[in-house]
Amino acid sequence: MKEQSKVVVVGAGVGGLTTAAILADAGYDVTVLEAQTYPGGSASTFFHKGYRFESGATVAGGFQPDGPHYVLAQMLDIEWNVHQHDPAWVVHLPDRSVALTQDNRDVLEKFPGTEAFWDEQSRIADIAWSLSAQGLPFPPGDFAELMQLAKVGLMNFPRDIQIVPFALSTVQDWLNRHGLGENREFRRFIDATLLISAQNTADRVNGIYGATAMDLARQGVYHVEGGIGGIAETLVEKIRNSGGEVLYRQRVQRIAIMNGQAIGVYATKGRRSTKEEFFPADFVVVNNTPWTLAKMLKNDTPAKLKNEISRRDNTQGAFVLHLGVDAEKLPQNIPDHHQIVRSYEGAMGEGETLYVSISPEWDTSRAPDGQRAVTVSTHTNVQQWWDMLQANEGAYYDCKDAYAERIISTIDKTLPGFKNAVNLVLPGTPVTYEFYTGRHKGMVGGFPQSSLFKARGARTGIGNIRLVGDSVFPGQSTAGVTLGGIRVAKDVMRHLPETIERTVSSTVRSMS
């Protein structure tokens, strides 16, 4: 008999929900299994003592025409409850503050002589956005995707050919070509911008990816009403309205493999249960890291995936503060988002660079009356926190408190009165992130895009399992994982018909 093809999506992050929403809308039988009690993963909003705090991501882009969220809204006939804000954020360098606005006026004023650099950046970014909107399947996973890649690349020939040199260079090469490579202040500014949107600095970020990553302010940055988790909540509603399921408190323990193919997943309800429930699947999409996927596959992990996770270095983690603050004690009329760079020299993690997001005054759902919710983050080495916890649990908690105190003091020097405004402090480390998201060692942000030729695709080594999320190109940001989710959904549809012939015996076998 003919039945809908079954797709199980593991994890309700934005990438997984994007894939699930497209497939459910197309007529597939879709089930999303999420370990938490709310959706969004690293771009979720959680409740605590009347506050709605962002778990990680705090700003969103990609809603402009040709942007990933715009394209997805057109595909699914949905609307995003978002409000644009300008400036996107203010970068506080040791000797100047620079507002990132759509017209780039303050950047050009604070860094004269950089006009040609920004003109080139805008031109390359426009091409990149256009290519992504056409469904650029990169890196290609098979011959069909290679042909699609060639078709998209030739569609606007010879215009698009001008981005080729940027695919072979870094942002640092680009700065050098414009005579800006030795400009310490401008280079630090660019590094700070890339650190937010590309997880790396100019010497380690590919030119095309960097041009797009630096385009966030020009294309427009948005607040999601009620918190960043509203993106995920909109997708959950669409999935359910299309006949799909999104189930919470479902912790996937293992993926069942038969004859080299996934036949479903086993999940437990909540943190303490050991009773496993089987969810049959013709295709499985995992919204997590390669390490976590291998943990779910256990002895069925393909050799290529084993090799990948053994040679890959840990990616960045985040130390995060969730703060409740008295609105009246904050400086008046300050922008909602700030990046603080303490020095022009040295490393940029471990509190040396901070990103501070304050909930907008107009969104009264985010905090109790007279208060505002604040999320602060800094890049951190994930392993040090695990080592510390294992060696001396007391030292781990002391270090958390010391980080929090130092970070709040740093913010207070840039935003006077901030420290006195704080009345609630919730610190989080990579250990915290692993607990709540299931991400290996609490790593966040995905793989830095140092080379387009080393970008990770969605393939896993098992024909009917795909990865989605920030581990998959283009990676970082809600816009990036949305683009990846669209691509994975199309890939699933090419390999799995909407309905399949299923015998009673095969159905029984798949559930055994």
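Because the structure is a prediction, the values reported are computed rather than measured. (Residues numbered from 1 in each chain as written. Predicted model: local features only at pLDDT ≥ 70, side-chain atom pairs only at ≥ 80, totals over all residues. Heavy atoms only, no water.)

A short note on the overall build of the protein
Now for step 1: Of regular secondary structure, the protein possesses 19 helices and 21 strands.
Now for step 2: Over its C-alpha trace the protein gives a radius of gyration of 23 Å, about what one expects of a compact globule, namely 24 Å for 512 residues.
Now for step 3: If you line up the protein on its principal axes, its C-alpha atoms span 70 × 60 × 45 Å.
Now for step 4: By sequence separation, contacts in the protein at least 24 residues apart represent 70% of the contacts at least 6 residues apart.
Now for step 5: Total accessible area computed for the protein in this model is approximately 21300 Å², and 51% of it derives from carbon and sulfur atoms.
Now for step 6: Looking at charge distribution, the protein has the averaged site of its 50 positive side-chain charges lying 7 Å from that of its 56 negative ones. (Helix = DSSP H or I, 4+ residues; strand = E, 2+ residues; numbered from the N terminus. Rg over C-alpha atoms; globule rule 2.2 N^0.38 Å. Contact = heavy atoms within 4.5 Å. Areas by Shrake-Rupley, 256 points an atom, 1.4 Å probe, with all protein chains shown as cover. Lys, Arg positive; Asp, Glu negative; His and termini not counted. Charge placed at Lys NZ, Arg CZ, Asp CG, Glu CD.)

A closer look at the sheet that holds strand β12 (residues 261–269)
Now for step 1: Spatially, the 3 strands line up as an open sheet ordered β11-β12-β13, and their pairing is antiparallel. Every interior strand has two partners, whereas the edge strands, β11 (250–258) and β13 (276–280), have only one. Adjacent strand axes in the sheet meet at a mean angle of 30°, parallel and antiparallel pairs treated alike.
Now for step 2: Of the strand pairs in this sheet, β11 and β12 are connected by 8 bridges, and their pairing is antiparallel. Opposite Ile255, over in β12, you have Val265 as the bridge partner. (Pairing = 2+ DSSP bridges. Axes fitted to C-alpha atoms, helices over the stretch in contact; angles between N-to-C directions.)

Observations regarding helix α15 (residues 393–414)
Now for step 1: Taking 1.5 Å as the rise per residue, α15 with 22 residues should run 32 Å; its terminal C-alpha atoms sit 33 Å apart, in good agreement.
Now for step 2: Within α15, burial applies to Tyr396, Cys399, Lys400, Tyr403, Ala404, Ile407, Ile408, Thr410 and Ile411. For α15, the angular spread of the buried residues around the axis is 165°, confining them to a single face. The exposed residues of α15 that point more than 90 degrees off its buried face are Asp398, Glu405 and Lys413.
Now for step 3: Of the residues that open α15, the one with a side-chain oxygen 3.0 Å from the backbone nitrogen of Gly394 is Asn392. (Expected span 1.5 Å × (residues − 1). Buried < 20%, exposed > 50% of the residue type's maximum accessible area, 1.4 Å probe, protein only. Arc of directions from axis to C-beta. Polar contact = N/O pair within 3.5 Å; in protein donor to acceptor, adjacent residues only side chain to side chain.)

Here's the deal with helix α2 (residues 68–76)
Now for step 1: All of the buried residues along α2 are Pro68, His69, Val71, Leu72, Ala73 and Leu76.
Now for step 2: Backbone geometry just after α2 places Asp77 at a positive phi near 55°.

With respect to the side chain of Gln219
Now for step 1: Here Gln219 is to be found in helix α10 (residues 216–219).
Now for step 2: A polar contact is formed between the side chain of Gln219 and the side chain of Asp215, at a distance of 2.8 Å.
Now for step 3: Not counting residues within four places of it along the chain, the set of residues in contact with Gln219 comprises Gln64, Gln102, Asp126 and Trp129.

Let's talk about the sheet that holds strand β17 (residues 353–358)
Now for step 1: Taken in spatial order, the 7 strands make up an open sheet running β8-β7-β16-β17-β18-β15-β19, and their pairing is mixed. Looking at strand neighbours, the two that pair on one side only are β8 (96–100) and β19 (422–428), the edges of this open sheet. Going across the sheet, the axis of each strand differs from the next one's by a mean of 20°, ignoring polarity.
Now for step 2: The pairing of strand β15 (residues 317–326) with β19 spans 6 bridges and is antiparallel. Paired with Leu321 across the strands is Pro427, a residue of β19.
Now for step 3: Packing of α15 onto the sheet brings it into contact with β7 (89–93), β15, β16 (337–341), β17, β18 (371–380) and β19, and relative to β15 it is tilted by some 60°.

So, the pairing of strand β14 (residues 283–287)
Now for step 1: Among the 5 residues that make up β14, 5 are buried, leaving the element largely enclosed by the rest of the structure.
Now for step 2: Side chains of β14 alternate between two faces, with Phe283, Val285 and Asn287 and Val284 and Val286 buried alike.
Now for step 3: Two strands pair when backbone bridges link them, and strand β2 (residues 6–10) and β14 are joined in this way by 4 bridges, in the parallel orientation. Within the sheet, the bridge partner assigned to Val8 lies in β14 and is Val284.
Now for step 4: Across 4 bridges, β14 lies against strand β20 (residues 465–468) in parallel orientation. Bridged to Asn287 within β20 is Val468.

Here's the deal with the nonpolar core
Now for step 1: Residues Val7 and Ile255 are the most contacted members of the largest nonpolar core, which totals 64 residues.
Now for step 2: With 7 residues, the single largest contributor to this core is helix α1 (residues 14–25).
Now for step 3: Excluding residues within four positions of it along the chain, Val7 makes contact with Leu23, Tyr28, Asp29, Val30, Thr31, Phe283, Val285, Val492 and Leu496.
Now for step 4: Grouped together as the second largest cluster of nonpolar side chains are 45 residues, Phe189, Ala192, Leu195 and Ile196 included. (Core = buried A, V, L, I, M, F, W, Y, C linked by side-chain atoms within 4.5 Å.)

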